[in-house]
Amino acid sequence: KTLTILMDNELIYKEVSLCKSFPNNFAKFIENNDFKVQLSSLKICFSFCSNQITEKCFQPLLPQFFVLLKETSYSAILSAYCISALLAANDPVETLGDQGEQLKEFLSNVLVLESDLTEPAIRLVGVLSSSISGALLIDKWGIMKNVANLLESRNQNLVNLAIM
């Protein structure tokens with residue numbers, strides 16, 4: 001509860017944005033082998049990635065998020081949300097840089113079979129499709145056919161997300 005109150009304070013984001021070493025030091029918690037530490041850190045990281053004051057500071061953590069996309073589902077889900085937040089804030093192609101192929105591989109694999117990662121993957125596609133460069137990227141990757149296939153899912157939530 002205390003952490004929630006702190007994360008609602010804009011001063012926290014301003015202070016973090018001024019501390020240039022904070023994101024790299026914070027990455028150690030994201031990479032921690034203790035599952036609880038890692039999940040808690042990713043939740044906090046999502047707040048920083050979603051805030052316009054700190055999101056640029058956390059862009060260098062994209063490689064760590066992509067590594068975690070291959071981990072247990074909870075870590076992968078939270079990592080996908082962090083990536084979505086960073087891509088939504090800036091041009092996705094510029095933000096992705098060299099990691100574009102990793103995102104393509106993730107989306108191509110996850111959108112074929114329904115799993116815990118399907119919803120975050122559809123959300124990533126939604127973020128990409130909200131910009132011209134991102135829409136061109138998912139078109140180039142041929143990802144939309146996988147999303148269209150989800151329209152036949154028994155999971156109504158996935159159908160709704162696929163429509164959006």
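Check the entry above for the structure.
Reading the values: rules and limits
- Residues numbered from 1 in each chain as written.
- Predicted model: local features only at pLDDT ≥ 70, side-chain atom pairs only at ≥ 80, totals over all residues.
- Heavy atoms only, no water.
- Helix = DSSP H or I, 4+ residues; strand = E, 2+ residues; numbered from the N terminus.
- Rg over C-alpha atoms; globule rule 2.2 N^0.38 Å.
- Contact = heavy atoms within 4.5 Å.
- Areas by Shrake-Rupley, 256 points an atom, 1.4 Å probe, with all protein chains shown as cover.
- Core = buried A, V, L, I, M, F, W, Y, C linked by side-chain atoms within 4.5 Å.
- Buried < 20%, exposed > 50% of the residue type's maximum accessible area, 1.4 Å probe, protein only.
- Disulfide = S-S within 2.5 Å.
- Phe/Tyr/Trp six-rings, centres within 6.5 Å; stacked < 30°, edge-to-face > 60°.

Quick notes on the overall build of the protein chain
Looking only at helices and strands, the protein chain has 13 helices and 0 strands in total. When its helices and strands are written in sequence order, the protein chain yields α-α-α-α-α-α-α-α-α-α-α-α-α. Here the C-alpha atoms of the protein chain give a radius of gyration of 16 Å, agreeing with the 15 Å that 2.2 N^0.38 yields for 164 residues. Principal-axis analysis of the C-alpha atoms gives the protein chain an extent of 45 × 30 × 25 Å. Long-range contacts, defined as pairs at least 24 residues apart, comprise 63% of the intrachain contacts of the protein chain with a sequence gap of at least 6. Surface accessibility of the protein chain: about 9,300 Å² in total, with carbon and sulfur atoms responsible for 55%.

A few points about the nonpolar core
Of all hydrophobic cores here, the largest spans 51 residues; its most connected members are Phe65, Leu103 and Leu107. By residue number, the principal contributor to this core is helix α7 (residues 73-89), which donates 9 residues. Setting aside residues up to four positions removed in sequence, Leu107 forms contacts with Ala121, Leu124, Val125, Leu128, Trp141, Ile143 and Asn146.

Quick look at the environment of Ile143
Within the fold, Ile143 resides in the loop between α11 (132-141) and α12 (144-149). Put simply, Ile143 and Leu111 are 32 residues apart on the chain and 8.2 Å apart in space, counted from C-alpha to C-alpha. Here Ile143 is in contact with Lys104, Leu107, Ser108, Leu111, Val125 and Ile138, once residues within four sequence places are set aside.

Quick notes on the state of the cysteines
With the rule as written, the count across this model stands at 0 disulfides. A disulfide-free cysteine, Cys45 has its sulfur positioned 4.0 Å from the sulfur of Cys49, the nearest such atom.

Points about the packing of aromatic side chains
In this structure the tally under the stated criterion is 10 aromatic pairs. Their ring planes at 75 degrees and their centres at 5.5 Å tell us that Tyr13 and Phe48 sit as a pair that is edge-to-face. Here the residue Tyr13 occupies a position in helix α2 (residues 10-18), and Phe48 occupies one in helix α4 (residues 35-50), the gap between them amounting to 35 residues. The residues Tyr13 and Phe48 share a single accessibility class, namely buried. For the ring pair Phe48 and Phe58, a centre distance of 5.0 Å and an interplane angle of 10 degrees mean the geometry is stacked.

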